Amino acid sequence: MRPHFRFEDLEIWQLATLLAVKFHKLAGQLDKRRLYRYAEQLRAAGLSLTNNIAEGSGSTHTQEFRQFLNIARRSLFEDASMLMVFEALGLFSSSDIDELLTDCDLLSRKITNFSRSLRI
């Protein structure tokens, strides 16, 4: 039987995982255009998002968990910035980017609200 980790039950981790998968697919399109550095950066920030939520959930101290959530949120902002630049460069359509930015905004708000709900 596979072990179960605390972070798997967190809605923010579940949403972050879905978003990271979308970023990974978008990065695949960048790879096809030989924009490998852009693709790698998008993948890395997406994984940082999920990994920091997971890592923070393993902490025994609430303040430390909050710090990891803050790092995750900052990675999300990094992804949002990259999406905007990719759109400005004409690499992706506005409709593709708008959907992802909406997802980023929703997750950002959920991370903030979850962090505030943690008792110190």
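Predicted, not measured: the structure shown is a model, and the values here were computed from it.

Rules used in this analysis
- Residues numbered from 1 in each chain as written.
- Predicted model: local features only at pLDDT ≥ 70, side-chain atom pairs only at ≥ 80, totals over all residues.
- Heavy atoms only, no water.
- Salt bridge = Lys/Arg side-chain N within 4 Å of Asp/Glu carboxyl O.
- Helix = DSSP H or I, 4+ residues; strand = E, 2+ residues; numbered from the N terminus.
- Buried < 20%, exposed > 50% of the residue type's maximum accessible area, 1.4 Å probe, protein only.
- Phe/Tyr/Trp six-rings, centres within 6.5 Å; stacked < 30°, edge-to-face > 60°.
- Lys NZ or Arg CZ within 6 Å of the ring centre and 35° of its normal.

### Looking at the pattern of salt bridges
Next, step 1: The tally for this structure, following the rule as stated, stands at 6 salt bridges.
Next, step 2: Salt-bridge contacts for Arg 43 lead to Asp 31; the nearest nitrogen and oxygen are separated by 2.5 Å. In this pair, Arg 43 is assigned in helix α2 (residues 36-57) and Asp 31 in helix α1 (residues 11-32), connecting sequence segments 12 residues apart.
Next, step 3: For Arg 43, a relative accessible area of 18% translates into the label buried.
Next, step 4: Here Arg 109 and Asp 105 are joined by a salt bridge, their closest N and O atoms 3.0 Å apart. Note that Arg 109 and Asp 105 are positioned in helix α4 (residues 94-117) at a spacing of 4 residues, about one turn of the helix.

### Let's talk about the packing of aromatic side chains
Think of a pair of aromatic rings as described by two things: how far the centres are apart, and how the planes are tilted against each other in angle.
Next, step 1: Under the criterion given, the structure shown has 5 aromatic pairs.
Next, step 2: For the ring pair Phe 65 and Phe 114, a centre distance of 5.8 Å and an interplane angle of 70° mean the geometry is edge-to-face. Here Phe 65, found in helix α3 (residues 62-88), pairs with Phe 114, found in helix α4; they are 49 residues apart in sequence, far enough to count as distant.
Next, step 3: Relative accessible area serves as the criterion here: at 2%, Phe 65 is assigned to the buried category.
Next, step 4: A cation over an aromatic ring shows up here: Arg 33 above the ring of Phe 92, its NZ or CZ 5.2 Å from the ring centre.

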